[in-house]
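An overview of the molecular structure
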Number of protein chains: 2
Amino acid sequence: MTFARAFAPATVANVGVGFDILGMAVQGAGDTVEVEMRAEPGVVIESIVGDGGRLPLDPEKNTAAVAANAVLKQIGAGQGVIIRLHKGLPLNSGLGSSAASGVAAAVAVNALFGSLLPKVALLSACLEGEARVSGYHADNAGPSLLGGITLITGTDITQIYHLPVPEDLELALVTPAVDVPTAQARAVLPKSISLHQMVEQTAAVARLVDALYRGDIAAMGAAMEQDRVVEPARAHLMPFLGEVRIAAKEAGACGLVISGAGPTLCAICNSPHIAARVAQRMKEVYDEQGIVSSVQHTRVDRYGAQVELLEA
Amino acid sequence: MTFARAFAPATVANVGVGFDILGMAVQGAGDTVEVEMRAEPGVVIESIVGDGGRLPLDPEKNTAAVAANAVLKQIGAGQGVIIRLHKGLPLNSGLGSSAASGVAAAVAVNALFGSLLPKVALLSACLEGEARVSGYHADNAGPSLLGGITLITGTDITQIYHLPVPEDLELALVTPAVDVPTAQARAVLPKSISLHQMVEQTAAVARLVDALYRGDIAAMGAAMEQDRVVEPARAHLMPFLGEVRIAAKEAGACGLVISGAGPTLCAICNSPHIAARVAQRMKEVYDEQGIVSSVQHTRVDRYGAQVELLEA
């Protein structure tokens, strides 16, 4: 093969009470990476589109290039690749933008070299990319690679599990144009919590997994909002979080959480009609405050990153 | 009716990583309460058998009597009851002994007055009894009343949920004759934990619920043992915990946890044959150390407290 193109979906990490352990892939939005074979070893980034010029072309500092390089090493390739990265996801939006770039690059490079590796073997390469910008964790890269709703109990592929995706689950996402750097969103978290808080948090997580298995979206919405540790610490970084939640609920949403480290907010609903209305209402809240925002209503992506095109 | 007898099963609270939120009812062992109608209001304890004379006959201080009284008030009974309590469970053993007495009493009194209340309406009465001796919490009374494996997210009946019981789940329990007062087992717990510990604990709880739904006893055993908060703090109160765990695993157990606040230890297995062998091996570990112990191999009780006899 001489050319491959792969797509990796956006992801909603945390899902409220599942801080650092849950993530779900989202249909529609995502990043696309094109790779071309080149004779010399190593990775060159030819172009990045859609980032407003903010991402580094230096392959040592770019998630996609680091992940691509890791796959090249893993398969022992003598040749290298030229990368073109198309950002479909805004940076620092809480939608797993950096993870999606790395995942798309890893999948594209693997395809270019004849798909020598099974998809699950690509996780560590994706995490190497992720580590370069936001730490070695899998709550975005895992679901972006594998799809579905994933439980992440560690960084090894054997520690990542699919949970059931309720049949009627619909998502409404709103991304306001405010900056919430992931580092800041991490810095405001409490270093320690009380034992009582731990009991409440574990109870809510248990209830959330139970709700997923039962396909009970109302219970899922209630459980995911029971987070009394992370959201309270971050709420002040998300303008009008309370107002958006009220508007979403009034429009029929079963629950709303911060997506990843924000500022994207994710509401869950039990019908496409309601999700469309919820997305609209969330946007109106920001409109009224003079904050630009983008919305989408979508579903969980069950498949994760995919090869879109492959040319000999 | 003039006479009723009810039985309430022993319970294994916590199930390792599910501290204060999980409990399971156990077949076989339990407490039995007989109640007789009397003309005067209020509760009289006529006898307690099997407690070695340690439990108070004062109805204000006795779990069974407090629960019985609460049911009498709930149904607005003009008459009272005479109670005979048969302890099938040792005190302070980690098997929910006090909860079983209260639950059996509540169920018996309700039956005596024509079962005016549905079973679920008896929880608050059971918890009043439990509160008199060990705090207002439902992780023993809930499963003893309702049976099965329960998720307890609060003290209201609407906050208690049944989780699936894996078809092949077998239990091996060993109760060494050492004293671990619940108050002491509570006092050694950390007041606060790190955010990282919370993430690990929520991941393990999610995995445990996932394993129950999939009927995966090996995964259940691995997940329940992932507790890095409660067991490490209490381990020194449980003599030879490490040795018993090793012996249980060598005999085929999938995992072992402290039952409630101990000293009973509960191993889970995937066949009755293995559970019998595990129970035997656990007992041998204590035998070798000169510690008297009792063992049982059993299963989850799916039904909870039951009326055994009712006479007009």
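First things first, this report covers the structure right here in the doc. (Residues numbered from 1 in each chain as written. Chains lettered and ligands numbered in written order. Predicted model: local features only at pLDDT ≥ 70, side-chain atom pairs only at ≥ 80, totals over all residues.)

**Comments concerning the packing of helix H6 (residues 195-214) of chain A against helix H7 (residues 217-224) of chain A**
If you want to describe how two helices pack, look at the angle between their axes and the distance between the axes. All names here are of chain A. Definition in use: Convention adopted: a line fitted to C-alpha atoms gives each axis, helices being fitted over their contacting stretch, and angles between N-to-C directions are expressed from 0 to 180 degrees. Each helix is a run of DSSP H or I of at least 4 residues and each strand a run of E of at least 2, with the numbering of both proceeding from the N terminus. When an angle is under 35 degrees it counts as roughly parallel; over 145 it counts as roughly antiparallel; between 65 and 115 it counts as roughly perpendicular; any other value is oblique. The hand of a helix crossing depends on one turn: near helix anticlockwise from the far one by less than a right angle means left-handed, and clockwise means right-handed. Once C-beta atoms have been placed from the backbone, residue pairs whose C-beta atoms lie within 7 Å are recorded as contacts.
Where H6 contacts H7, the axes come no closer than 8 Å and their chain directions differ by 160°. Considering their axes alone, H6 and H7 lie roughly antiparallel with respect to each other. Read as a crossing pair, H6 and H7 show a hand that is left-handed. Counted together, Ala204, Arg207, Leu208, Ala211 and Leu212 of H6 and Ala219, Met220, Ala223 and Met224 of H7 form the full contact between these two elements.

**Overview of the sheet that holds strand E10 (residues 265-269) of chain B**
All names here are of chain B. Quick reminder of the rule: When DSSP finds at least two bridges between two strands, those strands are taken to pair.
Taking strand neighbours across the sheet as the criterion, the four strands line up as E9-E10-E7-E11 in an open arrangement whose pairing is antiparallel. With one partner strand each, in any of the chains shown, strand E9 (255-258) and strand E11 (293-298) form the two edges of the open sheet. Sheet twist, expressed as the mean angle between neighbouring strand axes with direction ignored, is 20°. Looking at chain direction, strand E7 (residues 170-176) and E11 are connected through six bridges and run antiparallel. From the neighbouring strand, alanine 172 faces E11, where its bridge partner is histidine 297.

**Looking at the relation of the copies chain B and chain A**
Selection criterion: Superposition of the copies used a least-squares fit over C-alpha atoms from residues whose pLDDT is at least 70 in both.
Superposing chain B onto chain A takes a rotation of 180° combined with a translation of 0.0 Å along the rotation axis, leaving an RMSD of 0.0 Å. Both copies are brought into coincidence by an operation consistent with a two-fold rotation axis. When you check the interface residues of chain B against chain A, 100% turn up at the interface there too, and the contact is symmetric in its surfaces.

**Notes on the interface of chain B and chain A**
The figure often quoted for interface size is the accessible area lost as the parts come together. Note the cut-off: Any residue outside Ala, Val, Leu, Ile, Met, Phe, Trp, Tyr, Cys, Pro, Asp, Glu, Lys and Arg is labelled polar, Gly included; the first ten of those are nonpolar and the last four are charged.
On the side of chain A, 27 residues touch chain B, which itself brings 26 residues to the contact. Contributing elements (two or more residues each) for the side of chain B that touches chain A: strand E6 (160-163), strand E8 (192-194) and helix H6 (195-214) of chain B. The dominant element in the side of chain B that touches chain A, judged by the number of residues it contributes, is H6(B), at 12 residues. Residue composition of the side of chain B that touches chain A, grouped by class: 17 nonpolar, five polar and four charged. The pairing of strand E8 (residues 192-194) of chain A with E8(B) spans three bridges and is antiparallel. Note that in E8(B) the partner of Ser192(A) across the bridge is Ser194(B).

**Some details on the environment of Ala312(B)**
Residues and elements named next belong to chain B. Just so we agree on the cut-off: Counting other C-beta atoms within 10 Å of a residue's own tells you its class, since 20 or more makes it buried, 12 or fewer makes it exposed, and anything in between is partly exposed; those C-beta atoms are placed from the backbone.
Tracing the sequence through the fold places alanine 312 in the segment after strand E12 (306-311). Of the residues examined, alanine 312 has 5 C-beta atoms within 10 Å and is grouped as exposed. C-alpha of alanine 312 to C-alpha of valine 33: the two residues are 279 residues apart in sequence and 17 Å apart in space. Ignoring any residue separated from it by four or fewer positions in sequence, one finds alanine 312 in contact with Met1 and Thr2.

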